[in-house]
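As a plain string of letters, each chain reads:
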Amino acid sequence: MTLTDPEHLEQSEAGGLGDNIDGAERVKRRGSDSAVLRLSEAECAEIGNDPNTDADDERVLLNMGPSHPSTHGVLRLMLEMEGETVLRSKPVVGYLHTGMEKQAEQLTYLQGGTNVTRMDYASPLFTELAFSLATEKLLGIEVPERATWIRMLMCELNRMSSHLLFMATNGMDLGAVSMMIYGWREREEVLRFFEKVTGLRMNHNYIRPGGVAADMPDGWEADVEHLLALIPPRLEEYDILMTGQPIWRERLQGVGVLNADEALALSATGPILRSTGYAWDLRRDEPYLAYSAVDFDVIVGSYGDCYDRYAIRLNEIRESMRIVEQILDKMPAGDYRVQDKKVTPPPRVRIDQSMEALIHHFKIFTEGYKVPEGEAYACVESPRGELGVYLVSDGTSTPYRMHVRGPSFINVQTMPHLMQNGLIADGVAIISSVDPIMGEVDR
Amino acid sequence: MADPLDYLRGFAVTFKKLFEDRVTGDYRGGKAKEGAPDNKRPKPERFHGRHVLNRYEDGMEKCIGCELCAGVCPAKCIYVRGADNDPDDPTSPGERFGYVYEINYLRCIHCDLCVEACPTQAITESKLFEFSFTNRNDAIYTKNELVVDDDGMPQKMPWEDWREGDDQLTSGWMRATSSAGDHRYEGSVHWAGELGYGVRAPEVGQSAGTISTDGGNSPAEVRSENDG
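Residues numbered from 1 in each chain as written. Chains lettered and ligands numbered in written order. Predicted model: local features only at pLDDT ≥ 70, side-chain atom pairs only at ≥ 80, totals over all residues. Heavy atoms only, no water.

1. Quick look at the overall build of chain A
So, step 1. A tally of helices and strands in chain A yields 20 helices and 8 strands.
So, step 2. Relative to the 2.2 N^0.38 estimate, which gives 22 Å for 443 residues, the radius of gyration of chain A is 24 Å and therefore close to what a compact globule would have.
So, step 3. Expressed as a percentage of the 443 residues in chain A, the buried residues total 61%.
So, step 4. Taking as baseline every contact in chain A between residues at least 6 positions apart, the subset at least 24 positions apart corresponds to 70%.
So, step 5. Counting every atom, chain A has about 16,500 Å² of accessible surface; 52% of that belongs to carbon and sulfur.
So, step 6. Considering chain A, the positive charge centre built from 43 side chains and the negative charge centre built from 68 side chains are found 6 Å apart. (Helix = DSSP H or I, 4+ residues; strand = E, 2+ residues; numbered from the N terminus. Rg over C-alpha atoms; globule rule 2.2 N^0.38 Å. Buried < 20%, exposed > 50% of the residue type's maximum accessible area, 1.4 Å probe, protein only. Contact = heavy atoms within 4.5 Å. Areas by Shrake-Rupley, 256 points an atom, 1.4 Å probe, with all protein chains shown as cover. Lys, Arg positive; Asp, Glu negative; His and termini not counted. Charge placed at Lys NZ, Arg CZ, Asp CG, Glu CD.)

Written as structure tokens, this is what we have:
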């Protein structure tokens, strides 16, 4: 039976599927027992203006957001409530839409990094990485080993900073305000390292097609070791403050449950999918960079609830630190950008020595480099799930089309299913545990 | 049944923080009353801030008006027009100089691509990032504000919050001096001196294999290799 099957639609409109259906069927339900509120704005307004509404009808349509402190930016949820219970809901997105995918068509591949890095602003290096990998696929170039390892190091640190931010906001949404301060505090330490390496705290434009913008700064090993020494005891504190805390457990366990079939039917990835017990991590299952050369575990949950999603992220910070430790040992020496004169500008000294180098320098910075016709898709495991960049090139120096598979955007559609028949107060916990970044949702 | 002590252990974590060092500092945004502490943390060498237009040690401007910075800017915030130098009183060495140079800070995203693109290291970035305006026109910095003063120091506008050391490393210097991924060029100086600072030292990087000292990697050899 498929979604478009008329018999199925009729049956579910009548609410005839019963409660004992399992797996993906629940996701496909339509009508009043569906988790998703399928009403247009106009229809909602009509209901609101109808003077003949049944007085006994306790159902209320409630808008949560777009500027609600617990909706992580500008997510708007339309909730159909009965008392405090959420019956159906509909996430409304688009409030942060700035046309970044369209903007990418105006920018050369060299400039593109400054644009894509602004999508998922909590983990900007991942979008840069996916964009660079896709461009490199089209160009058919191989980046030097050191660039690969620097990318891996920076991305794992970025995963840590992103999950630390989650710890902070998750704590804040559930009333653990001190946790918010602690999470930001640790994230700040990671951002300080980024600032040293890239010059910026976010929106780095550091990973770019062909390699990375700059080599690691002098003394970077000491800074990374400082981070690796500083964060584990802080995570222990989080464990006492939250993981083992009965209040925290009661608040999260059993809230917002999703099973693996549902998660797959909704294309959820990242911690949401892994919380259901389905071990899917692109770093392991479709290795990119040099992830096959490092040792790490994929963290999975078993209940698919908010608590699992919290615990997975907390432990992923630890796994990332394990990877970073190995990178410290294995960082190779050598070039950090591909030495292809058509893609990488010449070293500065060459500009004064060689006319050819000067011409390359001018061409690359004004016109950009031409990318062969074709299409490519590259995906990476961002802290939020599978982050993919699909590029179509028409042979010029700007993409013909760029599409980003933003994990936040796709994970947002799990929200109605997580919230169905839960309390509105749990809705806050659920939004928080999905951890959407609205910049990436709306692009 | 939860261990009742678990509740208390959580409180102990926050309580202990009372006796730990503060991680935040005293910051009053340059508006501190006499004697009140107003600290900012030092910024790393590679930090991106407000731009400056550098000059050579003899006072000549480095900008040659080539418009590469304007061409590469993804935010299109730079406007440059070049003009021919007056042979009797040149502004920059060579034929051309930057006649008009404007940066609109309402658009600038501080990505430093202009710094990477500049062939003469004329434009670099200072460490200053706190400046605000009360109207749109003030956000457009012209050559009057951007070119360094006669001591080679960035001009400090009254609405900017400069601190000790912010003008010391006036650049995303690592971008301006990039070895473009070729590790053999790390740690070697290949840029001109600068008014007020002289020739800046490079980052060490992986400079064990630097081209200027190592016999096997003589500049001439690298050159012929690269031109091949």
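2. Considering the packing of helix H7 (residues 145-173) of chain A against helix H9 (residues 220-243) of chain A
Packed helices, taken two at a time, are described by the angle their axes make and the gap between the axes.
All names here are of chain A.
So, step 1. Viewed as axis vectors pointing N to C, H7 and H9 meet at an angle of 30°, and their least axial separation amounts to 12 Å. When the interaxial angle is binned, H7 and H9 end up roughly parallel. Crossing hand, H7 versus H9: left-handed. In this structure, H7 uses Arg146, Leu153, Leu157, Met160, Leu164 and Met167 to contact H9, whose residues at the interface are Trp220, Leu227, Ile231, Leu235, Tyr238 and Met242. (Axes fitted to C-alpha atoms, helices over the stretch in contact; angles between N-to-C directions. Parallel < 35°, antiparallel > 145°, perpendicular 65-115°, else oblique. Left-handed = near helix turned anticlockwise from the far one by under 90°.)

3. Looking at the domain arrangement of chain A
All names here are of chain A.
So, step 1. Considered domain by domain, chain A is made up of domain 1 (6-92) and domain 2 (100-342 + 371-418).
So, step 2. In this complex, domain 1 contributes 13 residues to the contact, which on the side of domain 2 involves 12 residues.
So, step 3. At the boundary of domain 1 with domain 2, total buried surface from both sides reaches about 1,100 Å², with 64% on carbon and sulfur atoms.
So, step 4. At the boundary of domain 1 and domain 2, one finds 0 salt bridges.
So, step 5. Breaking the side of domain 1 that touches domain 2 down by element, the ones donating at least two residues are helix H2 (24-28) and strand E3 (85-92).
So, step 6. At 3 residues, H2 tops the list of elements feeding residues into the side of domain 1 that touches domain 2.
So, step 7. The residue inventory of the side of domain 1 that touches domain 2, partitioned by class, reads 8 nonpolar, 4 polar and 1 charged. (Domains from an automatic or database assignment. Buried area = accessible area lost by both parts, 1.4 Å probe. Salt bridge = Lys/Arg side-chain N within 4 Å of Asp/Glu carboxyl O. Nonpolar A, V, L, I, M, F, W, Y, C, P; charged D, E, K, R; others polar.)

4. With respect to the sheet that holds E3 of chain A
Residue and element names in this part refer to chain A.
So, step 1. Taken in spatial order, the 3 strands of this open sheet run E1-E2-E3, and their pairing is antiparallel. Since the sheet does not close on itself, it has two edges, and those belong to strand E1 (59-64) and E3, each with one partner. For this sheet the average axis-to-axis angle between neighbouring strands, irrespective of direction, equals 20°. (Pairing = 2+ DSSP bridges.)

5. Here we look at a negative patch on the surface
Residues and elements named next belong to chain A.
So, step 1. There is a patch of like negative charges on the surface, built from Glu221, Glu225, Glu325 and Asp329.
So, step 2. Elements supplying a minimum of two residues to the negative patch: H9 and helix H14 (306-330).
So, step 3. Counting through the fold element by element, Glu225 comes out in helix H9. (Patch = residues over 30% accessible without salt bridge, like charges linked within 9 Å, V, L, I, M, F, W, Y side chains within 5 Å.)

6. Quick notes on helix H19 (residues 424-434) of chain A
All names here are of chain A.
So, step 1. Judged by how many residues are buried, H19 sits mostly within the fold: 9 of 11 residues are covered.
So, step 2. Within H19, burial applies to Asp426, Gly427, Val428, Ala429, Ile430, Ile431, Ser432, Ser433 and Val434.
So, step 3. Directly beyond the C-terminal end of H19, a positive phi value near 55° is found at Asp435.

7. Observations regarding the pattern of salt bridges
So, step 1. For the structure shown, the criterion picks out 43 salt bridges over all chains.
So, step 2. In this structure, Glu195 of chain A and Arg41 of chain B form a salt bridge, with 3.1 Å as the shortest nitrogen-oxygen distance. Separated into two different chains, Glu195 of chain A in helix H8 (residues 177-198) and Arg41 of chain B in the loop between helix H1 (4-16) and strand E1 (51-53) make up a pair that spans both.
So, step 3. A relative accessible area of 2% places Glu195 of chain A in the buried class.
So, step 4. Classification of Arg41 of chain B by relative accessible area gives partly exposed; the value is 33%.
So, step 5. In this structure, Arg274 of chain A and Glu381 of chain A form a salt bridge, with 2.9 Å as the shortest nitrogen-oxygen distance.

8. Structural notes on H7 of chain A
All names here are of chain A.
So, step 1. Taking 1.5 Å per residue, 29 residues should reach 42 Å; H7 reaches 42 Å between its end C-alpha atoms and fits that length.
So, step 2. Along H7, 27 of the 29 residues are buried, which leaves the element largely enclosed by surrounding structure.
So, step 3. Just downstream of H7 lies Gly175, where phi reads positive at about 95°. (Expected span 1.5 Å × (residues − 1).)

9. Observations concerning unusual backbone geometry
So, step 1. Positioned with a positive phi, Asn205 of chain A is a non-glycine residue whose angle comes to about 55°.
So, step 2. You can call Asn205 of chain A buried: its relative accessible area is 1%.
So, step 3. A positive phi angle, close to 70°, is found at Asp112 of chain B, a residue other than glycine.
So, step 4. Structurally, the position occupied by Asp112 of chain B is in the loop between strand E3 (96-104) and helix H3 (113-117).
So, step 5. For Asp112 of chain B, a relative accessible area of 1% corresponds to the buried category.

10. Describing the nonpolar core
Generally speaking, nonpolar side chains in soluble globular proteins are found buried as a group.
So, step 1. Grouped together as the largest cluster of nonpolar side chains are 120 residues, with contacts concentrated most on Phe193, Tyr206, Ile231 and Tyr310 of chain A.
So, step 2. Shared between two domains, this core takes at least three residues from each, and those domains are domain 1 (6-92) and domain 2 (100-342 + 371-418) of chain A.
So, step 3. Ignoring sequence-local partners within four residues, the contact set of Ile231 of chain A consists of Met160, Leu164, Glu186, Val190, Ile317 and Met321 of chain A.
So, step 4. Formed by 24 residues, the second largest nonpolar core is a distinct cluster that contains Cys77, Val115, Tyr141 and Trp162 of chain B. (Core = buried A, V, L, I, M, F, W, Y, C linked by side-chain atoms within 4.5 Å.)

11. Details of the packing of H7 of chain A against H14 of chain A
Residues and elements named next belong to chain A.
So, step 1. Running from N to C, H7 and H14 cross one another at 155°; their axes reach a closest spacing of 9 Å. Viewed along their axes, H7 and H14 adopt a mutual orientation that is roughly antiparallel. Considering the relative orientation of H7 and H14, their crossing is left-handed. The segment H7 lies against H14, with Trp149, Met152, Leu153, Glu156, Leu157, Arg159, Met160, His163, Leu164, Phe166, Met167 and Asn170 engaging Tyr310, Arg313, Leu314, Glu316, Ile317, Ser320, Met321, Ile323, Val324, Ile327 and Lys330.
So, step 2. The residue makeup of the contact of H7 with H14, split by class, is 15 nonpolar, 3 polar and 5 charged.

12. Points about a nonpolar patch on the surface
So, step 1. A surface patch of nonpolar side chains, about 490 Å² in accessible area, is lined by Ile247 of chain A together with Leu5, Tyr7, Leu8 and Phe11 of chain B.
So, step 2. For the nonpolar patch, the element with the highest residue contribution is H1 of chain B, accounting for 4 residues.
So, step 3. As for its position among the elements, Phe11 of chain B is in helix H1.
So, step 4. Given a relative accessible area of 53%, Phe11 of chain B falls into the exposed group.

13. Remarks on the state of the cysteines
When the sulfur atoms of two cysteines share a covalent bond, that bond is a disulfide.
All names here are of chain B.
So, step 1. Enumeration according to the criterion identifies 0 disulfides over all chains in this entry.
So, step 2. Left without a disulfide partner, Cys66 is nearest to the cysteine sulfur of Cys69, which lies 6.2 Å away.
So, step 3. A relative accessible area of 28% places Cys66 in the partly exposed class. (Disulfide = S-S within 2.5 Å.)

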